[in-house]
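# Summary of the model geometry
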Amino acid sequence: MKLAYWMYAGPAHIGTLRVASSFNNVHAIMHAPLGDDYFNVMRSMLERDRNFTPVTASVVDRNVLARGSQEKVVDNITRKDREEHPDLIVLTPTCTSSILQEDLQNFVERASLDAKSDVLLADVNHYRVNELQAADRTLHQIVEFYTEKARKKGELPTDKTPEPSVNILGISTLAFHNNHDCTELKRLMKDLGITVNAVIPDGASVHELKNLSRAWFNIAPYRELGPMTAQYLEQTFGMPCIDITPMGVVETARFIRAVQKLLNDRGVAVDYEEFIDEQTRFVSQAAWFSRSIDCQNLTGKKAVVYGDATHAAAITKILAREMGIHVVWAGTFCKYDEAWFRNEVSEYCDEILITDDHTVVGDAVARVEPAAIFGTQMERHVGKRLNIPCGVISAPIHVQNFPIGYKPMLGYEGTNQLVDLIYNSFTLGMEDHLLEIFGGHDTKEVITKGLSSDTEMNWSKDGLAELNKIPGFVRGKVKRNTEKFARDRGLSEITAEVLYAAKEAVGA
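Only a predicted model underlies this, so the values are computations on that prediction, with no experimental measurement involved.

## Here's the deal with unusual backbone geometry
- Cis geometry is adopted by the peptide bond preceding Pro201, which originates at Ile200 and carries an omega value of 0 degrees.
- Considering the arrangement of structural elements, one finds Pro201 in strand E6 (residues 195-201).
- In the segment running from Ala395 into Pro396, the intervening peptide bond is cis, with an omega of 5 degrees.
- The phi dihedral of His177 falls on the positive side, at around 60 degrees, and the residue is not glycine.
- Under the relative-accessibility criterion, His177 is labelled buried at 6%.
- Notably, Asn387 is not glycine yet its phi reads approximately 60 degrees, a positive angle.
- For Asn387, the location among the structural elements is in the loop between helix H16 (377-386) and strand E13 (390-392).

## A closer look at helix H6 (residues 131-153)
- The first and last C-alpha atoms of H6 sit 33 Å apart over 23 residues, in line with the 33 Å expected at 1.5 Å per residue.
- Measuring from the backbone nitrogen of Leu132 back to the side-chain oxygen at the start of H6 gives 3.0 Å, which picks out Asn130 as the cap.
- Looking one or two residues beyond H6, the residue adopting positive phi is Gly154, at roughly 75 degrees.

## Here's the deal with the side chain of Glu379
- With respect to the helices and strands, the residue Glu379 is situated in helix H16.
- This buried residue, Glu379, is left without a salt bridge; Arg380 holds the nearest opposite charge, at 11 Å.
- At 2.5 Å, the side chain of Glu379 and the side chain of Tyr8 are in polar contact.
- Not counting chain neighbours up to four residues away, the residues in contact with Glu379 comprise Tyr8, Tyr306, Val361, Ile373 and Cys390.

## A short note on the sheet that holds strand E5 (residues 165-171)
- If you walk across this open sheet you meet the four strands as E6-E5-E7-E8, and the pairing is parallel. The sheet is open, and its two borders are formed by E6 and strand E8 (241-242), each paired with just one other strand.
- Sheet topology note: the strand E7 (residues 217-219)/E8 ladder contains two bridges and is parallel. Across the sheet, residue Asn218 finds its bridge partner in E8, namely Cys241.
- Of the strands in this sheet, E5, E6 and E7 touch helix H7 (residues 178-191), which is tilted by about 170 degrees from E5.

## What about the pattern of salt bridges?
- Applying the stated criterion across every chain, the model contains 25 salt bridges.
- Arg137 is the salt-bridge partner of Asp123, the closest N and O atoms lying 2.9 Å from each other. Within this pair, whereas Asp123 is found in the loop between strand E4 (118-121) and H6, its partner Arg137 is found in helix H6, the two being separated by 14 residues in sequence.
- Note that Asp356 is salt-bridged to Lys335, the shortest N-O span being 3.7 Å. Here Asp356 is found in the loop between strand E11 (351-354) and helix H15 (358-368), whereas its partner Lys335 is found in the loop between strand E10 (326-332) and helix H14 (338-345), with 21 residues between them in sequence.
- One salt-bridge network, in which partners are shared between bridges, spans Glu251, Arg254, Lys317, Arg321 and Glu344.

So, how was this worked out
- Residues numbered from 1 in each chain as written.
- Predicted model: local features only at pLDDT ≥ 70, side-chain atom pairs only at ≥ 80, totals over all residues.
- Heavy atoms only, no water.
- Helix = DSSP H or I, 4+ residues; strand = E, 2+ residues; numbered from the N terminus.
- Buried < 20%, exposed > 50% of the residue type's maximum accessible area, 1.4 Å probe, protein only.
- Expected span 1.5 Å × (residues − 1).
- Polar contact = N/O pair within 3.5 Å; in protein donor to acceptor, adjacent residues only side chain to side chain.
- Lys, Arg positive; Asp, Glu negative; His and termini not counted.
- Salt bridge = Lys/Arg side-chain N within 4 Å of Asp/Glu carboxyl O.
- Contact = heavy atoms within 4.5 Å.
- Pairing = 2+ DSSP bridges.
- Axes fitted to C-alpha atoms, helices over the stretch in contact; angles between N-to-C directions.

Structure below.
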């Protein structure tokens, strides 16, 4: 644990609460002090959803600490059981309350004696894992709990659906475009003649979980949520899983061919090549756009990519392989998935950055001065300070990245959305220069501060006047080069004369 004003992945209890609140009629209770109970605010503020089950905080205060927490926690569980009649109540500590080292499993067993709903303790190590890892673990735990419960009651199905069917694993609340991705995956499966058996956890009932084994196979499109459940289902029922993320033309085709091979191996003769060809040429505009003059104007431009492992890897491959854009470096904050990420992107970028420190990411962006950034909301802020455009491609994200309109990232419609996002993220041609000529936003006073205090330089009045004469689309680069020139020579102030000297030094 560390104190920071920006975290790419939240604490473990956020992951548990995301999974619990994604299910229908599942109630989560946090054993937490005041200050850790912000999930409801975050959920209601960000997620464009009509209804959701709020989380209850069983507050730890000095009175509770004086006499012990068990009575209050058990009372909160049984009270919510009477009031809400949930199918499942999930109890989770937070990082703070975990310090108390209380036997919460004993609390759960005590509450289960009186509650009519199932009660489960989220089995997550809050000191060792983050939000994404905890979410993956919690989903696996809930699926395993209801699978074993059905097995003990003799209610676990042993047959498969008559026609090919699939479970979609990992669709969750507070995730990046997940609801749109789910719609696109359902549409794609329908086009391929495959029935969707279940989607978990978003919108699912825990009573449906015993039927997961009836599907022919699973899809786990995201590395961050679903792989543990897919592995459990494969080990328990021999269910194969396709973990290819169908993002971009090439990977979507590879995903469909993996489905085709799986069905052919099971005796169902399907050939999806004609479907792939038709979708690639006439439904998706990405293949056509990659050959257009507009996209060719982007060829060789420098970009950097940073985000969760799934989206950062996918966008890196799309930029380099499908659009001819030079990815200088690609990175992820999913340090636990480093080996997979390196294997996926190593041939598509010059460097790989594995870190969850936003200052390291910001300095890496400033160092290479790309034409565009593709990252999280934090990289968008970095881009604003450096005057570099940024396309947001991964959580953590702002409310504007929970669109009401249909904007999937997966499938063939997703390819169109990604092309728009990528193309519109670059500063196009003389756009900023024309804005300056006709009195646009670039006539404002230039920002001369760097990303951190040790990079700030003082600019004299005549230096700023000369800097403002430089066209907006190159001004940021000139400013940073000049500041580096001055710093290397121990100068404390940048005058017009220093600016001219810096330009001569780089041959500008």
